[in-house]
Amino acid sequence: MLKCWKRIVVFSMALSALVLQAAEQKSYKAVATVGMIADIVREVAGEHAEVEGIIGEGVDPHLYKPTRKDVVTLSQADIIFYNGLMLEGKMGYVLVRVGRKNKPVYAVTEEILDQGGYVMTDEAEHYDPHVWMDVQGWIRAVDVVVRGLSEFDPEHAAYYSANGAAYQKELEELDAYAQAVIASIPENQRVLVTAHDAFNYLGRAYGLNVQGIQGLSTESEAGVQDIETLINFLSERNIPAVFVETSVADKNVRALVEGAKAKGHTVKIGGELYSDAMGVPGTYEGTYIGMIDHNVTTIARALGGTAPAGGMQDKLNHAH
Amino acid sequence: MIWLPFDTWIVIIGALCAVACALPGCFLVLRKMSMMGDAISHAVLPGLAIGFLLTGSRSSLPMFIGAAVVGVLTAIFTQWISRFGRVDRGAAMGIVFTSLFALGLLLIVQASDQVDLDPGCVLYGAVELTPLDVIHTFHFVGSEIEVPRAAVSLGVVVLLNSLLILLLFKEFNLSSFDPSLATTVGINATVMHYLLMAMVAITTVASFEAVGSIIVIAMLVVPASAAYLLTDRLSVMLGLSAVIGILSAGLGHLGAITVPLWFGFESTTTSGMMACAAGFLFALIWVFSPRYGLLARKFRRKGKVENE
């Protein structure tokens, strides 16, 4: 019996060695939880790492249920990046414990936390994890990834910081574009109404008044009075559009549109925004830049601003 | 498909959870309170909210304590209402858990709407991730073995539940089937009931924390019901339910990593598949059980008619 066990152990070790060898062409494997972080790691690590994201398109990371494949991915990873601030729920705790076992694990937004007052919080020190909504915030996240990869692989540190700087330059352009198109919206219409509170960073960075219909928790529900107040607010300010999110059910937003119609104010659904997850991998919206480009372009066009239909780089696909 | 060491751990942890839940589950099924696990899974919400309001943090311990306290309260309130309110236990459970869940929603909306406090985020674990959360490492015949935290915590629950049932077997047995007889021979059936409910509540919350909700709810009901179709003896039923639970855990994980491949998908969630496997085993037993199975009953009736 013992011998049999031993054989199984040896066999599985040999197999995992084989699997590792298959990945040997790239020198190590980096894993990120959400696509937005995987995108940074891909840009910074370049040819040196094989990068894999765990949580796919259109999935709410708060509610993500890991599968066996994810565990295989995580246990084979050489370095792990995750968002933190409870975005990944209990998976975050597990990753912290993985990090204590000599595996480099970085909570990207929690590293930014030390940089004095950037991360948003309510009075009770509960942090808002949706940092990527502000491009400046994500520029800081690039620094965290560059530092993490350089600590893990000091040999290529110069390469990583060069890649990081190049990517940050692209992000600066994106940031400038976002500032410009949001500023083109008439001032009293700079109001963003969505299903849940994922856009606070975007609001702060680009001067939008953000109103979520339901709170941060997916368990809490919108009260009738909240919807009433919001409808009055919409018709007072003559807001032309509200928005749905790809990873959150749009029931509440549709209720809002119906409610406004009953009051004689026409609000249309301005489009789908990417909040907690990016678009289909392989498309422009499946990258971080494409995601933000899509969001700000959609918002600006629906609220009466001017923005090119194709977005910053004329790559947006506005078929829908 | 490659079977890795942590697959073994996932099955072991699933099996431990199944046994921990199946043992008290037998008594729940006998007392017609099978949905207690489901009730507790909803009722924990105010516990989480109060734990959060008192400590101001979403770390595991206050969440766990809050949930465990409310779990026990659910059981107690259910008993009160069914005894003094003259409604059956199913209805009493329904009243208690919906009220508690609603209270939890009110607390969250009033006090902490800016914080993500749903059980899926702060309380429920995932059986797939448990092998990564290692508490102890030791060496055994030349290979390193990493023991996950969940295996230890669920192991303790299994041990406590079996000890309690072994020590108080006669009392539990009698008070489950005939509370008035139990009282006449000097067993306090009410105390036994509260003891059992406390056991269910703590088992449920500990298992939620380790492996998530669906597998726990399933394992409280399904293995015990399946075992109930196979035997009339409580001791045999307890043993069989544990075996069925272990089988569902093994089959479930195997299913989770092989079945989706046949249809060209990647592996699916293990806890869902374990619950499905339990349902599948129940269906088999329901049809083929030698005494109470569908076929057996059909043939017996036929035999009877022919004899007449």
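Residues numbered from 1 in each chain as written. Chains lettered and ligands numbered in written order. Predicted model: local features only at pLDDT ≥ 70, side-chain atom pairs only at ≥ 80, totals over all residues.

**Some thoughts on the overall build of chain A**
Along the backbone of chain A there are 11 helices and 8 strands. Relative to its 320 residues, chain A shows a buried fraction of 51%. (Helix = DSSP H or I, 4+ residues; strand = E, 2+ residues; numbered from the N terminus. Buried ≥ 20, exposed ≤ 12 C-beta atoms within 10 Å, placed from the backbone.)

**Focus: the overall build of chain B**
Looking only at helices and strands, chain B features 13 helices and 2 strands. Considering only C-alpha atoms, chain B reaches an extent of 70 × 55 × 40 Å along its principal axes. In chain B, which comprises 308 residues, the share counted as buried stands at 50%. Within chain B, contacts between residues at least 6 apart in sequence are counted, and of these 72% link residues at least 24 apart. (Contact = placed C-beta atoms within 7 Å.)

**So, the environment of Glu 47 of chain A**
All names here are of chain A. Along the chain, Glu 47 falls in the loop between helix 2 (35-45) and strand 2 (49-53). Residue classification places Glu 47 among the exposed positions, given that 11 C-beta atoms sit within 10 Å. Sequence-wise, Glu 47 and Ser 27 are 20 residues apart; in three dimensions their C-alpha atoms are separated by 8.7 Å.

**Topic: the pairing of strand 8 (residues 268-273) of chain A**
Residues and elements named next belong to chain A. Where strand 7 (residues 241-245) lies against strand 8, 4 bridges are found, and the strand directions are parallel. Its bridge partner being in strand 8, Val 242 is matched across the sheet by Ile 269. As a crossover connection, the stretch from strand 7 through helix 10 (residues 251-262) into strand 8 is right-handed. (Pairing = 2+ DSSP bridges. Right-handed = clockwise from strand over helix to strand, strands pointing away.)

**A closer look at the sheet that holds strand 2 of chain A**
All names here are of chain A. An order of 2-1-3-4 is seen for the 4 strands of this open sheet, with the pairing classed as parallel. The sheet is open, and its two edges are formed by strand 2 and strand 4 (105-107), each paired on a single side. Pairwise comparison of adjacent strand axes, ignoring direction, gives a mean angle of 20° for this sheet. Taken together, the 5 bridges between strand 1 (residues 28-32) and strand 2 define a ladder with parallel strand orientation. Note on strand 2: the bridge partner recorded for Tyr 28 is Ala 49. Helix-sheet contacts for helix 2 involve strand 1, strand 2 and strand 3 (79-82), and the interaxial angle to strand 2 is about 170°. (Axes fitted to C-alpha atoms, helices over the stretch in contact; angles between N-to-C directions.)

**Some thoughts on the environment of Ser 175 of chain B**
Within the element layout of this structure, Ser 175 of chain B appears in helix 7 (residues 169-177). Among all residues touching Ser 175 of chain B, those that are not within four sequence positions of it are Ala 182, Ile 187, Ala 189, Met 192 and His 193 of chain B.

**Brief notes about the domain arrangement of chain A**
Residue and element names in this part refer to chain A. Taken domain by domain, chain A comprises domain 1 (23-178) and domain 2 (184-302). On the domain 2 side, the residues contacting the 25 residues of domain 1 number 25 residues. Counting residues per element, the ones that place at least two in the side of domain 1 that touches domain 2 are helix 2, helix 6 (135-152) and helix 7 (157-183). The greatest single-element share of the side of domain 1 that touches domain 2, amounting to 4 residues, is contributed by helix 6. Split into classes, the residues belonging to the side of domain 1 that touches domain 2 amount to 13 nonpolar, 6 polar and 6 charged. (Domains from an automatic or database assignment. Nonpolar A, V, L, I, M, F, W, Y, C, P; charged D, E, K, R; others polar.)

**Digging into the packing of helix 9 (residues 224-237) of chain A against helix 10 of chain A**
Residue and element names in this part refer to chain A. Here helix 9 crosses helix 10 at 60°, and the two axes come no closer than 10 Å. With respect to helix 10, the axis of helix 9 lies oblique. Viewed along their axes, helix 9 and helix 10 form a crossing whose handedness is right-handed. Only Ala 255, Leu 256, Gly 259 and Ala 260 of helix 10 make contact with helix 9, whose side of the interface consists of Ile 227, Leu 230, Ile 231, Leu 234 and Ser 235. Split into classes, the residues belonging to the contact of helix 9 with helix 10 amount to 7 nonpolar, 2 polar and no charged. (Parallel < 35°, antiparallel > 145°, perpendicular 65-115°, else oblique. Left-handed = near helix turned anticlockwise from the far one by under 90°.)

**Digging into the nonpolar core**
Counting residues in each nonpolar core, the largest one holds 191 residues, and the members touching the most others are Val 41 and Val 145 of chain A together with Ile 13, Cys 17 and Met 219 of chain B. No other element matches helix 1 (residues 5-30) of chain B, which puts 19 residues into this core. Lining this core are residues from two domains, each supplying at least three of them: domain 1 (23-178) and domain 2 (184-302) of chain A. Contact partners of Val 145 of chain A, with chain neighbours within four places excluded, come to Ile 40, Val 41, Val 44, Phe 81 and Val 108 of chain A. (Core = buried A, V, L, I, M, F, W, Y, C linked by C-beta atoms within 7 Å.)

**Some points on unusual backbone geometry**
One non-glycine residue, Asn 238 of chain A, adopts positive backbone phi at about 60°. The phi dihedral of Arg 86 of chain B is positive, around 55°, even though this residue is not glycine. If you trace the backbone, Arg 86 of chain B turns up in the loop between helix 3 (60-84) and helix 4 (89-111).

**Let's talk about helix 10 (residues 213-228) of chain B**
Residue and element names in this part refer to chain B. Taking 1.5 Å of rise per residue, the 16 residues of helix 10 would be expected to cover 22 Å, and the 23 Å separating its terminal C-alpha atoms lies within 8% of that figure. Along helix 10, the helix axis deviates most sharply at Met 219, where the bend reaches about 35°; the proline Pro 223 sits within four residues downstream. Where burial is concerned, most of helix 10 is hidden: 14 out of the 16 residues are buried. (Expected span 1.5 Å × (residues − 1). Bend = angle between axes of the 7 residues up to and from the residue.)

**Here we look at the confidence of the model for chain A**
Within chain A, residue pLDDT values average 82, and 83% of them lie at 70 or more. Mean pLDDT values over the elements of chain A span from 56, in helix 1 (residues 2-22) of chain A, up to 95, in helix 7 of chain A. (pLDDT = per-residue confidence, 0-100.)

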